[in-house]
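# Overview (structure and organization)
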Amino acid sequence: MRLKFTKMHGLGNDFVMLDAISQRVKLSPDKIRRLADRNLGVGCDQVLLVEAPRNPDADFRYRIYNADGSEVENCGNGARCFARFVRERRLTGKNQLTVETAAGLLRLSLLERDQVSVDMGVPVLEPADVPFDADRRAPTYPLEVDGEVYTVSAVSMGNPHAVLLVEDVATAPVHKLGPLIERHARFPNRVNVGFLQLDSPEEARLRVFERGVGETRACGTGACAAAVAARLRDLVDDSVKIHLPGGALTIHWSGPGQPVTMTGPATTVYHGQIVL
Ligand SMILES: N[C@H](CCC[C@H](N)C(=O)O)C(=O)O
């Protein structure tokens, strides 16, 4: 199968974008792993598929696959790249888009320069819906990992996130704790793990060990989940600038029941073809 693709990134979280409207795309988990492989394929954190919508209220359907081949519910950096991709390929002339994901509908707005704003929907905080094994909903939960007890928040942005506060992201045990929490028994669908350093009520730093990928240079849903977890504890304002290794995202959330808005860049790197 010969595939045309576009390589894109959102703050260094990188993607292989596939237009499955203009070309036939039939991907197995093995083919996704090959595409994502940085030595044997194109190399990316996630493979993103653009499809015709099934939902009449949506302009497109957006499917997301991690580098390990698993299909997931949401991808924030990918959503911004999705919006830029469908505009640049002239699959739409609209600047306001509604896209159907496994987690529901996202609303994307193309802004000036390379900026895109995304209504990421209402965060899910009920443990059973994250999903996370806990007796009742709380701002934080004790989590035993390798004999130590850590304090985590559990938030779903359609995909599950665990958020821990750290003094300094630079020395946070991302590669030791990340894999252990990613596969912790209390997260039955596995989990993305965010390490959050609070600098002020308006600014914070974040590193994310992503489910099915490992540490990425940025994670949009991770930035949203971290802002929600901190706001629930009154540690940040409604609007917070989250600095990730690849750059900064602006997250706005005014409280439970309200949607989270994420604004940041989307970058096209190159176009290519690959035979899988
Ligand atoms: N990089 C993506 C998150 C992908 C999440 C994926 N790792 C999962 O398993 O949920 C983002 O910008 O939101």
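Residues numbered from 1 in each chain as written. Predicted model: local features only at pLDDT ≥ 70, side-chain atom pairs only at ≥ 80, totals over all residues. Heavy atoms only, no water.

Attention now goes to the site of the ligand. The full set close to the ligand counts 15 residues, and Asn13, Gly76, Arg211, Gly220 and Thr221 are the nearest of them. The contact in question runs from an oxygen atom of the ligand to an N or O atom on the side chain of Arg211, over 2.6 Å. For the ligand, whose unbound accessible area comes to 360 Å², protein coverage reaches 100%. For the ligand, the cavity whose grid points lie within 2 Å of the majority of its atoms is the largest cavity. Elements represented by at least two residues in the shell around the ligand include exactly helix H2 (76-88) and helix H4 (220-232). Broken down by class, the residue content of the shell around the ligand amounts to three nonpolar, 10 polar and two charged. Of the domains in this structure, domain 1 (2-121 + 265-275) and domain 2 (127-258) are the two that each give at least three residues to the shell around the ligand. (Near = heavy atom within 4 Å. Polar contact = N/O pair within 3.5 Å; in protein donor to acceptor, adjacent residues only side chain to side chain. Areas by Shrake-Rupley, 256 points an atom, 1.4 Å probe, with all protein chains shown as cover. 1 Å grid on protein atoms, 1.4 Å probe; cavity = no way out; pocket = protein on both sides within 12 Å on 5 of 7 lines; lining within 4 Å. Sits in = over half its atoms within 2 Å of the grid points. Helix = DSSP H or I, 4+ residues; strand = E, 2+ residues; numbered from the N terminus. Nonpolar A, V, L, I, M, F, W, Y, C, P; charged D, E, K, R; others polar. Domains from an automatic or database assignment.)

According to UniProt, the positions carrying the feature "binding site: substrate" (unreviewed entry) are Asn13, Gln46, Asn66, Gly76, Asn77, Asn159, Asn192, Glu210, Arg211, Gly220 and Thr221. Here the residues from the annotation list that line the largest cavity are Asn13, Gln46, Asn66, Gly76, Asn77, Asn159, Asn192, Glu210, Arg211, Gly220 and Thr221. Considering the arrangement of structural elements, one finds Gln46 in strand E3 (residues 46-51). Taking the relative accessible area as the measure of exposure, Gln46 reaches 2% and is therefore buried. Leaving out residues up to four positions away in the same chain, Gln46 has contacts with Asn13, Asp14, Phe15, Val16, Ile64, Tyr65, Asn66, Cys75, Glu210 and Val213. Side-chain polar atoms of Gln46 contact the side chain of Asn13, separated by 3.3 Å. The residue Gly76 is located in helix H2 in this model. Taking the relative accessible area as the measure of exposure, Gly76 reaches 1% and is therefore buried. (UniProt positions renumbered as here; feature names shortened; annotations may be inferred. Buried < 20%, exposed > 50% of the residue type's maximum accessible area, 1.4 Å probe, protein only. Contact = heavy atoms within 4.5 Å.)

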